[in-house]
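Coordinate inspection notes
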2 protein chains.
Amino acid sequence: MSKAIFYHAGCPVCVSAENGLAHSLDPSKYDVESVHLGEQSGRIAEAEQAGVKSVPAIVMDGQTFHINFGASIEDLK
Amino acid sequence: MSKAIFYHAGCPVCVSAENGLAHSLDPSKYDVESVHLGEQSGRIAEAEQAGVKSVPAIVMDGQTFHINFGASIEDLK
């Protein structure tokens, strides 16, 4: 089981990506954690270190995938 | 079973997204078709109609998710 972390900011684009894509990952392979960076700003540094430039984004197996564009991570600081 | 169509152009960003994300969708829910728009230019119109502006992108359940940025669809014409 791999961990996938979905970073978002509660925006409409984020909600679509979470419901449409993050929750559609194979549950036998991925344990998906959803992190609201607006509410958990202590985790912004971790997201940036993984290469997250904007939300929504998902980090899985060492890769970072930005999904459409909701907000820049700079605007969440 | 829903159909998910992954549009790409064979670029490195596309390959990462296909292997990392498109192939990680729940196989009990999604039948994933991969379409190389560079080789199947007859399907560019269909992709544009679904709202695809760049590749890689995945269209599923009526929603279009652009994943990172490989190439603009304009550049594939």
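Coordinates for the structure precede this section.
Given the structure is predicted, the values throughout are model-derived calculations rather than measurements. (Residues numbered from 1 in each chain as written. Chains lettered and ligands numbered in written order. Predicted model: local features only at pLDDT ≥ 70, side-chain atom pairs only at ≥ 80, totals over all residues. Heavy atoms only, no water.)

**A word on the relation of the copies chain B and chain A**
- It takes a turn of 180° to lay chain B on chain A, together with a shift of 0.0 Å along the axis; the resulting RMSD is 0.0 Å. Both copies of the chain, as the preceding transformation shows, are related through a two-fold rotation axis.
- The overlap is high: 100% of the interface residues of chain B also sit at the interface in chain A, so the same surface is used on both sides. (Least-squares fit on C-alpha atoms with pLDDT ≥ 70 in both. Contact = heavy atoms within 4.5 Å.)

**Some points on the nonpolar core**
- Ranked by internal contacts, the top residues of the largest apolar core, which has 22 residues, are Ile58 of chain A together with Ile58 of chain B.
- Mapped by element, the contributors of at least two residues to this core are strand S1 (2-8), strand S3 (54-60) and strand S4 (63-72) of chain A together with strand S1 (2-8), strand S3 (54-60) and strand S4 (63-72) of chain B. (Core = buried A, V, L, I, M, F, W, Y, C linked by side-chain atoms within 4.5 Å. Buried < 20%, exposed > 50% of the residue type's maximum accessible area, 1.4 Å probe, protein only. Helix = DSSP H or I, 4+ residues; strand = E, 2+ residues; numbered from the N terminus.)

**Comments concerning the side chain of Ser72 of chain B**
- Looking at the secondary structure, you find Ser72 of chain B in strand S4.
- Contacts of Ser72 of chain B, omitting those with residues within four sequence positions, involve Lys53 and Ser54 of chain B.

**As for the interface of chain B and chain A**
- In this assembly, 19 residues from chain B lie in contact with 19 residues from chain A.
- When chain B packs against chain A, close to 1,500 Å² is buried across both sides, 55% of that on carbon and sulfur atoms.
- Looking only at chain B, the three residues that lose the most surface to chain A are Leu21, Phe65 and Asn68 of chain B, adding up to 34% of its buried area.
- At the boundary of chain B with chain A, the tally comes to 10 residue pairs in polar contact (both at pLDDT 80 or more).
- Those elements that place two or more of their residues in the side of chain B that touches chain A are helix H1 (12-20), S3 and S4 of chain B. (Buried area = accessible area lost by both parts, 1.4 Å probe. Polar contact = N/O pair within 3.5 Å; in protein donor to acceptor, adjacent residues only side chain to side chain.)

**Comments concerning the state of the cysteines**
All names here are of chain A.
- As enumerated under the stated definition, the model contains 2 disulfides over all chains in all.
- Bridging Cys11 to Cys14, the disulfide has an S-S length of 2.3 Å. Because the sign of the S-S torsion sets the handedness, a value of about 65° for the bond joining Cys11 and Cys14 places this disulfide among the right-handed ones. The exposure classification of Cys11 matches that of Cys14, with both residues buried. (Disulfide = S-S within 2.5 Å.)

**A look at the side chain of His36 of chain B**
Residues and elements named next belong to chain B.
- Inspection of the secondary structure puts His36 in strand S2 (residues 30-36).
- For His36, the side chain forms a polar contact with the main-chain nitrogen of Gly38, separated by 3.0 Å.
- With residues near it in sequence (within four places) discarded, His36 still touches His8, Ala9 and Gly10.

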